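Residue-level structure breakdown
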Amino acid sequence: MLNMTTRIECIFFSEFHPTLGPKITYQVPEEYISRELFDTVQVYIITKPELQNKLITVTAMEKKLIGCPVCIEHKKYSRNALLFNLGFVCDAQTNTCALEPIVKKLAGYLTTLELESGFISKEESKQKLLPIMSTLLEDLNATGACTLPIDDSNTIQLKLIQQRKDPPTVQEYDVPVFTESLCGHFQEAAVKRLVYYGVVTLVSIFQYSNVYCTTPKVQSLIDDKSLQDECLSYVSKQGQKRASLRDVFQLYCGLSPGTTVRDLCSRYSQQLQRVDERRLIQFGLMKSLIRRLQKYPVKVVRDERSRPPRLYTGCHSYDEICCKTGISYQELDERLENDPNIVICWK
Amino acid sequence: MSSSAMKKKVLLMGKSGSGKTSMRSIIFANYIARDTRRLGATIDVEHSHVRFLGNLVLNLWDCGGQDTFMENYFTSQRDNIFRNVEVLIYVFDVESRELEKDMHYYQSCLEAILQNSPDAKVFCLVHKMDLVQEDQRDLIFKEREEDLKRLSRPLACTCFRTSIWDETLYKAWSSIVYQLIPNVQQLETNLRNFAQIIEADEVLLFERATFLVISHYQCKEQRDAHRFEKISNIIKQFKLSCSKLAASFQSMEVRNSNFAAFIDVFTSNTYVMVIMSDPSIPSAATLINIRNARKHFEKLERVDGPKHSLHMRMR
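Summary of the structure given here. (Residues numbered from 1 in each chain as written. Chains lettered and ligands numbered in written order. Predicted model: local features only at pLDDT ≥ 70, side-chain atom pairs only at ≥ 80, totals over all residues. Heavy atoms only, no water.)

1. Focus: the sheet that holds strand E3 (residues 56-63) of chain B
Residue and element names in this part refer to chain B.
- With respect to topology, six strands assemble into an open sheet ordered E2-E3-E1-E4-E5-E6, the strand pairing being mixed. Taken across any chain shown, the strands that pair with only one partner, and hence form the sheet edges, are strand E2 (45-52) and strand E6 (157-161). Ignoring strand direction, the axes of neighbouring strands in this sheet form an average angle of 20°.
- Both strand E4 (residues 85-93) and strand E5 (residues 121-127) contribute to a ladder of seven bridges, which runs parallel. (Pairing = 2+ DSSP bridges. Helix = DSSP H or I, 4+ residues; strand = E, 2+ residues; numbered from the N terminus. Axes fitted to C-alpha atoms, helices over the stretch in contact; angles between N-to-C directions.)

Shown next as C-alpha cells:
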C-alpha cells in the first residue's frame, strides 16, 4: 500500500560529543550504518552552522540519508551548544519526499522536548529514544503513520503522505472567494488529500506580504460614479463613517511593485483609519483595479555541468513552488533571498 | 593593493578544547579573552583568510580536534590537509590528562607533514599556562619543551608557552607570523635606517589589525625582554575598548622626564611606535619625521613597487 514506495531501512540518532566528535548514539536496526558510510557523510549529519536547522538529504554508497541537524545554543552545554540529528536511511533509489516533513517535524519535536525538559541532554530520558525509534521504524513502514507518547505531556503524531502523481499545476483565479493557502499549512488530512489527490484550484488569499499593483482600470474609480459608490460601501470599516474617495484612491495608487500590503498599512495609516485593507484588496481584485504580483525566482549562475533548473526558471511563482515542494513561503524566501545565484523577478 | 599577494597555508591543530579557535579569534578577529568563552566547537575545518601587510595572505586552517575529525585528517583527508603547509601550529593544553594520546596525535601530524610538506615550520604552543601555579610555570614549560623537541626529530620545532590572559599569546603569534613575512629583512634594514636618522632609542613596527610586532630596532639593551608583547597586548585592548565606544584609535603620545613614546598609524597596514630618550627633541619634530618616513614604507609594502633605500630629510 502506501509503504511500498518509501521504505525506511534505518533510523539513526547522531550527536556531537565534546571529545569524540560526531557519532551515532543510537540506530535501529543496530550497525546498519557502516563506519565508512558515516565517515563519508558525517559532515552533512553534524554540520557547520551554515547548514544547521535545515533539511539535508545526502546520497552515498547506495544509501540516502535524510536528516535535520539541530543546534541548540546555551552556555550550559559543553562547548556552548547541543548538536544532534535524528534521521532516516533509505535505499538510494527511494523517493524520499514524503519523509521530509516527518524528519523536520521530529527535529522540531525533539528541540521542544529539549528546551522544555532537557530530554536529550539528560541520559535517563535520552535512553527513551531507542524504543521510540524502534516504534517509529516499525509503524511508519507498516502503516505510514505513528503515534508516540513521549512522556506524560507529550505525544508525537506522524503520517506519511505519499505522492501518487505530480501535484496539479497551480492556477490563480480572480474570484472573490478566498480559501486557505496551502503554503506551510499541512495540518489537516482533508486539505492534504485535496492537494495530492485531485484539487486543481488554488486561490491566493489575503496576506500582508502580498504585493499588488494598479491596472489601467483603476482610473474608472474616478470616472464611474456607481463604481465609486459600490467601492466605498464595500471597503469602509463597519460602524464607521464612510471612507472618502480621496483616501481610497490614494491607497490603491500606493500599491506598486516592491510595496507589500504591510508597507502600505504603515505608510498610509491615516488613510486606513476608515478603510478595511482586506476588503480594499478584495474589491480591487474583483473589479480588476489591481492585480497581484508574484515572485518568480530565476537561477542565473550555474556551471555547464549542473542540470538545468527545474523550478527556478522564471516561470514558477513562489506560491507554486511552495505547494509543489511543501516548503513554507517564509522558508523559501529566506533560502532564495540569500542565494547569490538566484535573481527574483516580480511579475 | 597588489593582486599577487603571497598565500601561505597555516595549519592550526591540537586536541579538542585546547584553545585554537579562541587564540585565532583574539589575534585575528578582535575578540577579547573573556569573549572566547562563548565560542562553540569547531566542526571539521574552519577556513579563514587573513590579509597581512598588504602583500601576504594567511590561509588559516583551524582544525577541530575531536577524535572523529583527527582520524579523518590522517586518513581520508590526509593529502588535502597536509599538502602545501607553510606553518604547523600545534596546541597543547598544559592541563591535559591524556599526555600519551596528545603526543600520539602530534606525532601522527608530524608524520603527515614529513610526507607532504617537509619544509614546513613547526611551532608548539604549550597553552593555558595561566592554570599552572606561577612558580611552576618555567619548570613545566621547560620539561614540555624538552619532550617536544625530542619527539619532533628529525623535524625542528619552536616552542612557546601561552595564555589568552596575558601577553605570551602575542609573543608566540608574533614570532610565527614574523617567519612568514616575505620581505622582512628589507623591512628591518629600513626600520633601522629610519630609527638611526631620527635618533630614536627604539622603534617598533606593528601589523595594523592584529598589533603583532613584525619588526623592531633598538640601539641599546633594554630591561624588559617581554616589552614587545606587553605593548601589543596593551594597545590592542585599548584599541578594542575605543571601538566599543564607537571611537577609532589613531595615535598616542606618552611622556615623562626620561622618555617620550609615540604610537601612530604608519602605513596602510602598519602602526609604528617610536621611543625617544633625548628630551631636547620636540614632539613635533619626531611626528614630522614619522610622517615623512611613511611614503617610503608604503612603497615597501607593495609587492611590485620599486625597491628603494630610505632617504630621509630632517626638518
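2. Observations concerning the environment of Ser232(B)
Residue and element names in this part refer to chain B.
- Along the chain, Ser232 falls in helix H8 (residues 227-244).
- Relative accessible area serves as the criterion here: at 1%, Ser232 is assigned to the buried category.
- Once the C-alpha coordinates of Ser232 and Lys171 are considered, the two residues, 61 residues apart in sequence, prove to be 8.7 Å apart.
- Those residues in contact with Ser232 that sit more than four places away from it in its chain are Tyr170, Phe206, Phe211, Leu212 and Val213. (Buried < 20%, exposed > 50% of the residue type's maximum accessible area, 1.4 Å probe, protein only. Contact = heavy atoms within 4.5 Å.)

3. Some remarks on a nonpolar patch on the surface
- Residues Val300(A), Val301(A) and Val343(A) make up a contiguous nonpolar surface patch of about 230 Å² in total accessible area.
- Note on placement: Val300(A) falls in the loop between strand E11 (295-299) and helix H11 (318-325). (Patch = residues over 30% accessible without salt bridge, like charges linked within 9 Å, V, L, I, M, F, W, Y side chains within 5 Å. Areas by Shrake-Rupley, 256 points an atom, 1.4 Å probe, with all protein chains shown as cover. Salt bridge = Lys/Arg side-chain N within 4 Å of Asp/Glu carboxyl O.)

4. Here we look at helix H2 (residues 100-117) of chain A
All names here are of chain A.
- Taking 1.5 Å of rise per residue, the 18 residues of H2 would be expected to cover 26 Å, and the 26 Å separating its terminal C-alpha atoms lies within 8% of that figure.
- Among the residues of H2, those classed as buried are Ile102, Val103, Leu106, Ala107, Leu110, Thr111, Leu113 and Glu114.
- Looking one or two residues past H2, Gly118 carries a phi angle of roughly 65°, positive in sign. (Expected span 1.5 Å × (residues − 1).)

5. Here we look at unusual backbone geometry
- The omega torsion of the bond from Val28(A) to Pro29(A) falls at -5°, within 30 degrees of zero and hence cis.
- Positionally, Pro29(A) belongs in the loop between strand E2 (21-28) and helix H1 (35-45).
- A cis amide bond, omega 10°, links Arg153(B) with the succeeding residue Pro154(B).
- Summarising the element assignment, Pro154(B) is placed in the loop between helix H5 (137-152) and E6.
- Look at Glu62(A): it is not a glycine, yet its phi comes out positive at around 70°.
- Of note, Glu62(A) is situated in the loop between strand E3 (56-60) and strand E4 (63-67).
- Judged by relative accessible area, Glu62(A) falls into the exposed class, the value being 63%.
- Located in the positive-phi region is Asn80(A), a residue other than glycine, with phi close to 65°.
- Residue position: Asn80(A) is located in the loop between strand E5 (70-73) and strand E6 (81-91).
- Residue Asn80(A) is classed as buried on the basis of its relative accessible area of 16%.

6. Quick look at the side chain of Asp264(B)
Residues and elements named next belong to chain B.
- Considering the arrangement of structural elements, one finds Asp264 in strand E10 (residues 260-265).
- Taking relative accessible area as the criterion, Asp264 reaches 12% and is therefore assigned buried.
- When residues no more than four places from it in sequence are discounted, the contact partners of Asp264 are Gln250, Ser251, Tyr271, Val272, Leu287 and Arg294.

7. Here we look at the interface of chain A and chain B
- Contacts between the two partners involve 16 residues from chain A and, on the opposite side, 15 residues from chain B.
- Of the roughly 1,300 Å² buried where chain A meets chain B, counting both sides, 47% is carbon and sulfur surface.
- It is Lys48(A), Arg79(A) and Asn80(A) in chain A that bury the most area against chain B; as a group they hold 41% of the surface buried on that side.
- Viewed at the interface, chain B and chain A are joined by one salt bridge.
- Two residues, Lys48(A) and Glu46(B), come together in a salt bridge whose shortest N-O distance is 3.5 Å.
- At the boundary of chain A and chain B, one finds ten residue pairs in polar contact (both at pLDDT 80 or more).
- The set of elements that each furnish at least two residues to the side of chain A that touches chain B consists of strand E1 (10-17), E2 and H1 of chain A. (Buried area = accessible area lost by both parts, 1.4 Å probe. Polar contact = N/O pair within 3.5 Å; in protein donor to acceptor, adjacent residues only side chain to side chain.)

8. A word on the packing of helix H1 (residues 20-28) of chain B against helix H6 (residues 168-178) of chain B
Residues and elements named next belong to chain B.
- Two elements in contact, H1 and H6, have axes whose closest approach is 11 Å; the angle formed by their N-to-C orientations is 80°. The angle between H1 and H6 places the two elements in the roughly perpendicular class. In this structure, H1 uses Met23, Ile26, Ile27 and Phe28 to contact H6, whose residues at the interface are Leu169, Tyr170 and Trp173.
- Split by residue class, the contact of H1 with H6 holds seven nonpolar, no polar and no charged. (Parallel < 35°, antiparallel > 145°, perpendicular 65-115°, else oblique. Nonpolar A, V, L, I, M, F, W, Y, C, P; charged D, E, K, R; others polar.)

9. So, the pairing of strand E7 (residues 202-207) of chain B
Residue and element names in this part refer to chain B.
- Among the six residues that make up E7, six are buried, leaving the element largely enclosed by the rest of the structure.
- Residue alternation in E7 divides its side chains into two sets, Glu202, Leu204 and Phe206 and Val203, Leu205 and Glu207, and both sets are buried.
- Hairpin geometry of E7 and strand E8 (residues 213-218) is characterised by an intervening segment of five residues between the two adjacent antiparallel strands and by a positive phi of about 60° at Phe211.
- Sheet topology places E7 next to strand E11 (residues 270-276); six bridges connect them, and they run antiparallel. Residue pairing for E11: Glu202 is matched across the bridge by Ile275.

10. Digging into the pattern of salt bridges
Residue and element names in this part refer to chain B.
- Applying the stated criterion across every chain yields a total of 25 salt bridges over all chains.
- Between Lys101 and Glu98 there is a salt bridge whose closest N-O contact spans 3.9 Å.
- Judged by its relative accessible area of 29%, Lys101 falls in the partly exposed class.
- When its relative accessible area of 35% is taken as the criterion, Glu98 is described as partly exposed.
- A salt bridge links Asp201 to Lys220, with the shortest nitrogen-to-oxygen separation between them at 2.7 Å. Residue Asp201 is located in the loop between helix H7 (184-198) and E7, and its partner Lys220 is located in the loop between E8 and H8; the two are separated by 19 residues in the primary sequence.
- On the basis of relative accessibility, which here comes to 45%, the residue Lys220 falls in the partly exposed class.
- Look at the salt bridges and you will find they share partners, linking Lys15, Asp67, Glu98, Lys101 and Asp102 into a network.

11. Digging into the packing of aromatic side chains
All names here are of chain B.
- Tallied over the entire structure, the rule returns 18 aromatic pairs over all chains.
- Ring plane angle 75° and centroid distance 5.3 Å describe the contact between Phe92 and Tyr106, whose orientation is recorded as edge-to-face. Here Tyr106 lies in helix H4 (residues 99-116) and Phe92 lies in strand E4, a separation of 14 residues in the sequence.
- Overall, Tyr106 belongs to the buried group, its relative accessible area being 0%.
- An aromatic cluster is defined as three or more aromatic residues linked by ring pairs; in this entry it consists of Phe206, Phe211, Phe238, Phe249 and Tyr271. (Phe/Tyr/Trp six-rings, centres within 6.5 Å; stacked < 30°, edge-to-face > 60°.)

Worth remembering: the numbers are spatial, not functional.
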